[in-house]
Amino acid sequence: MKRSPILFLCLAVCLLGGCIRPPAPSATEASKQINYSEQTVASIQTLADGNIAAFYQLFDDNLKKELSQQELQTLWNDLISQYGAFQYYQSDITITSKDNNQIASVPCVFANGTVTFQLTFNAEGLISGFYTVEESYMSESTRLKNDTEISFGTDAYPLSGSLTLPEGTGPFPVVILVSGYGAQDRNEQLGPNLPFLNLAEQLSSQGIAVLRYDKRSYTYARELAQKENFTVYEETIDDVAAAVSFLKTLNTIQSDEIYIAGHCLSGYLMPRIAEVTPDAAGYIFLAASARPLEDILLDETVYILNTESNLDKAGKEKILTQLQTMSDNVKNLTGDSSLSSEELFDFPVSYWLSLQNYAPLEEIKQVDKPLLFLHGGRDYQVPASEMDLWKEALSGKNNAQFLYYDNLNHLFMSGTGKSTPTEFQQKGTVNTQVSEDLAAFIHRH
């Protein structure tokens, strides 16, 4: 197991507000029998209420020396970029005793997965240790034997990535893999799953080079959290253009055979990506949403809550009400809005304003390059009905191909039955039919 002594909690202030803020126990209270289960829940709820100051007062003196309140706040902000919105903590809390301490483990569900927190309580009931517990698969981004480490981007935000080359001397056609929502590494890791690594390995074996890279919001989470006027261009679009420019300088790459594949949110942004990469040979939409992002996030949460049995009806309604409020906030934004990121799905006003007049289903009609859309039938994050919207928008054009895979999920991995968040904690591999179809599209054009 890998343990990180840092705070990893985010948008709980919006989703589980109004919870108890327990004061630090007095010496008299500490002499009484402490219910560590209640103490654990109350502490987590303090975080859920967004009160960093109150949570910090639950630390013992030694932990306060290791971590200042400002550092705790900074780490909170980092998590917003790394794991997405906090949903709720699960009821299966475990508490064990070690060296006169009580160690509580609390599984917490986030928009992009589940993270277990460990709180160590001393004999007085104060928190003497606070950790995340991550399985061994949450390590540095895995590499392939035929990967070449590369760097590109702007002077202010240089990015690291991997260029996977097929056997031979080239030059080769290439596809740039652009990850979706949130802070993503080059493999687009979700739990033990590495979909972009899988695609790089599979496509390179079919004569296609692959560039994948650590997203700007992954590498520079702290810097971007403090940046004013952060938009989808800084998050995604500008770096795709930089990747295309970089590939054109390599003699191992066919400069007129550069394809761009966007997953999820990046697929949604593909019409704008096409505007800044007019020399690309074609564009690939992997589980690409077509409706506004705030609608997708709300619908996904509704689906997840309907699969969750550890949260009562009132708790679910509270989450949905507050998420609906956030969605309404986004739709009613103006340039002089003073709303915080916490009221806007953890993105600043500038981010949402950069999407305010975006009409991807109209803008895609202006793209004349070959287009390929792929979607899994078990995808609940971006349901297959989204591909139907793209298909309808392009009904009068002949440059688009649409492929549907009945038993694949959002990561294009096989499964059966109703897809749930826990599915992504089991290791899978991108179905090889997907990479074969991608290769056929690229070689055909």
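Residues numbered from 1 in each chain as written. Predicted model: local features only at pLDDT ≥ 70, side-chain atom pairs only at ≥ 80, totals over all residues. Heavy atoms only, no water.

What follows concerns empty space enclosed by the protein. Where empty space is left can be seen by rolling a probe of water-molecule size over the atoms. As enumerated under the stated definition, the model contains two cavities of 30 Å³ or more in all. Empty space within the second largest cavity amounts to approximately 70 Å³. The element contributing the most residues to the lining of the second largest cavity is helix 7 (residues 195–204), with three residues. Looking at the lining of the second largest cavity residue by residue, the classes come out as eight nonpolar, two polar and one charged. (1 Å grid on protein atoms, 1.4 Å probe; cavity = no way out; pocket = protein on both sides within 12 Å on 5 of 7 lines; lining within 4 Å. Points joined across faces, edges and corners; volume = space filled by probe spheres on them. Helix = DSSP H or I, 4+ residues; strand = E, 2+ residues; numbered from the N terminus. Nonpolar A, V, L, I, M, F, W, Y, C, P; charged D, E, K, R; others polar.)

In the segment running from Gly170 into Pro171, the intervening peptide bond is cis, with an omega of 0 degrees. Tracing the chain through its elements places Pro171 in the loop between strand 8 (158–164) and strand 9 (172–178). Within the chain, Phe345 stands out as a residue other than glycine whose phi angle is a positive 60 degrees. Topologically, Phe345 is positioned in the loop between helix 14 (313–331) and helix 15 (349–353). For Phe345, a relative accessible area of 5% puts it in the buried group. (Buried < 20%, exposed > 50% of the residue type's maximum accessible area, 1.4 Å probe, protein only.)

So, on to the sheet that holds strand 13 (residues 371–376). Here eight strands make up an open sheet; going across it, the order is 7-8-10-9-11-12-13-14 and the pairing mixed. Every other strand in the sheet has two partners, leaving strand 7 (147–153) and strand 14 (400–405) as the edge strands with one partner each. Mean inter-strand twist for the sheet, computed between neighbouring axes without regard to direction, equals 25 degrees. Looking at chain direction, strand 11 (residues 253–263) and strand 12 (residues 282–286) are connected through five bridges and run parallel. (Pairing = 2+ DSSP bridges. Axes fitted to C-alpha atoms, helices over the stretch in contact; angles between N-to-C directions.)

Read these as spatial facts, not as claims about activity.
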